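Topology and contacts: notes
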Amino acid sequence: MSTTITPVGGAEFAERAAEELEEASAQEIIAWASQTFGDRLCVTSSMADALMVDLVSRQVPGIDVIFLDTGYHFPETIGTRDAVASVYDINLINVEPVRTVVEQDLALGPRLHGRDPGICCHLRKVEPLQRALAPYSAWLTGLRREDSATRRATPVVQWDGRRRMTKVNPIARWTQEEVDSYMAENGVIVNPLQYDGYPSIGCEPCTRRVAPGQDPRSGRWAGTGKTECGIHI
Ligand code: SF4
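Owing to the predicted nature of the structure, the values given are computational and were not obtained by experimental measurement.

Looking at the confidence of the model for the protein
- In the predicted model, the protein carries a mean pLDDT of 92, and 94% of its residues have values of at least 70.
- Within the model, the stretch residues 1-5 combines pLDDT values under 50 with 11 contacts to residues more than four positions away or in other chains.

What follows is the structure in structure tokens.
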């Protein structure tokens, strides 16, 4: 693959890169990101599975992998994080909110997630990620167009204006079948909750099981009208 893109960042740069890379494979997009941003590139993982970690670490060994440790994760998610950190060639960065859950409960009252999930997500996910991403010029995500209606138009490269950095989504075009077959063929580590009715996994208080065939993300913040934590909007 050859490209004439100049690594300057910004909205116009990202739009041009998205156009040029729209038909490229995930591996080609990751290679482009690595060549373009060097060590100012990281990847985020929710530890629902290690698909992105597997894909990226094959081409960028030792890459920084950011995990948001909200204090509310299922034990299975923490176990998956630890397994991923020991199996793959990555540098796992465990990012915590300013306040522990106990400190937040004391300051703002218990179960903020049930009273105002928007503020809880901001304090435990959005702000810590903002802080963690500050040293980088670009981040790789596992966003896919199939994930939800709000992600249908996800480009493979976009400008993240809020954080003033480039966001790269190498598997944006992948279908669930492509995800399943890559994971099976490569023995990718999967969070065991995925085999127990949780196709989309977030914090324990805000994630419910979904019935087979239901929208995979319908178990997230069920009944609240909230569909995103705020990281990707
Ligand atoms: Fe809080 Fe729920 Fe958001 Fe986790 S997903 S940060 S518990 S509101």
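Describing the side chain of Arg151
- Residue placement: Arg151 occurs in the loop between strand 4 (138-140) and strand 5 (157-160).
- Engagement of the side chain of Arg151 in a polar contact is seen with the side chain of Asp147, the distance being 3.0 Å.

A look at the sheet that holds strand 4
- On the basis of which strands lie adjacent, the open sheet formed by six strands has the order 3-2-1-4-6-5 and mixed pairing. Because the sheet does not close on itself, it has two edges, and the strands there are strand 3 (90-95) and strand 5. The average undirected angle you get between the axes of adjacent strands in this sheet is 30 degrees.
- As paired strands, strand 1 (residues 41-44) and strand 2 (residues 63-68) are joined by three bridges and run parallel to one another. Note that in strand 2 the partner of Cys42 across the bridge is Asp64.
- Where helix 1 (residues 11-21) meets the sheet, its contacts fall on strand 5 and strand 6 (165-168), and the angle it forms with strand 5 comes to roughly 165 degrees.

Quick word on helix 2 (residues 26-37)
- In this model, helix 2 (12 residues) spans 16 Å end to end at C-alpha, consistent with the 16 Å of a helix rising 1.5 Å per residue.
- Every buried residue of helix 2 is listed here: Ala26, Ile29, Ile30, Trp32, Ala33, Thr36 and Phe37. An end-on view of helix 2 places all buried positions within 160 degrees of arc, on one side of the element.
- Considering only its buried residues, helix 2 is in contact with helix 1, strand 1, helix 3 (51-59), strand 4, strand 5 and strand 6.
- The positive-phi residue at the C-terminal boundary of helix 2 is Gly38, with phi of around 55 degrees.

Notes on the site of the ligand
- In the region of the ligand, 10 residues are neighbours, and Tyr72, Cys120, Cys121, Cys203 and Cys206 sit closest.
- In terms of residue count, the dominant contributor to the shell around the ligand is helix 7 (residues 117-133) (five residues).
- Looking at side-chain class alone, the shell around the ligand contains seven nonpolar, one polar and two charged residues.

Here we look at the packing of aromatic side chains
- Enumeration over the complete set of coordinates arrives at five aromatic pairs.
- An angle of 90 degrees between the planes, with centres 5.8 Å apart, marks the rings of Trp32 and Phe37 as edge-to-face.
- For Trp32, a relative accessible area of 1% puts it in the buried group.
- A residue is classified by how much of its surface remains accessible, and Phe37, at 12% relative accessible area, is buried.
- Between Trp174 and Tyr182, the ring centres sit 5.8 Å apart and the planes meet at 50 degrees, which makes this aromatic pair tilted. Like Tyr182, Trp174 is buried.
- Of the aromatic side chains, those joined through ring pairs into one cluster are Phe13, Trp32 and Phe37.

Re the pattern of salt bridges
- Summed over all chains, the structure comprises 10 salt bridges.
- As a salt-bridge pair, Asp82 and Arg81 come within 2.9 Å of each other at their nearest N and O atoms.
- Given the relative accessible area of 41%, Asp82 is considered partly exposed.
- Given a relative accessible area of 12%, Arg81 falls into the buried group.
- Across the pair Glu127 and Arg131 runs a salt bridge, and its minimum N-O distance is 3.0 Å.

What about the side chain of Asn169?
- Following the sequence through the fold, Asn169 ends up in the loop between strand 6 and helix 8 (176-186).
- A polar side-chain atom of Asn169 sits 2.8 Å from the main-chain carbonyl oxygen of Pro155.
- At 2.9 Å, the side chain of Asn169 and the side chain of Gln158 are in polar contact.
- In this structure Asn169 touches Thr141, Leu143, Thr154, Pro155, Val156 and Gln158, once residues within four positions along its chain are discounted.

What counts as what
Residues numbered from 1 in each chain as written. Predicted model: local features only at pLDDT ≥ 70, side-chain atom pairs only at ≥ 80, totals over all residues. Heavy atoms only, no water. pLDDT = per-residue confidence, 0-100. Contact = heavy atoms within 4.5 Å. Helix = DSSP H or I, 4+ residues; strand = E, 2+ residues; numbered from the N terminus. Polar contact = N/O pair within 3.5 Å; in protein donor to acceptor, adjacent residues only side chain to side chain. Pairing = 2+ DSSP bridges. Axes fitted to C-alpha atoms, helices over the stretch in contact; angles between N-to-C directions. Expected span 1.5 Å × (residues − 1). Buried < 20%, exposed > 50% of the residue type's maximum accessible area, 1.4 Å probe, protein only. Arc of directions from axis to C-beta. Near = heavy atom within 4 Å. Nonpolar A, V, L, I, M, F, W, Y, C, P; charged D, E, K, R; others polar. Phe/Tyr/Trp six-rings, centres within 6.5 Å; stacked < 30°, edge-to-face > 60°. Salt bridge = Lys/Arg side-chain N within 4 Å of Asp/Glu carboxyl O.

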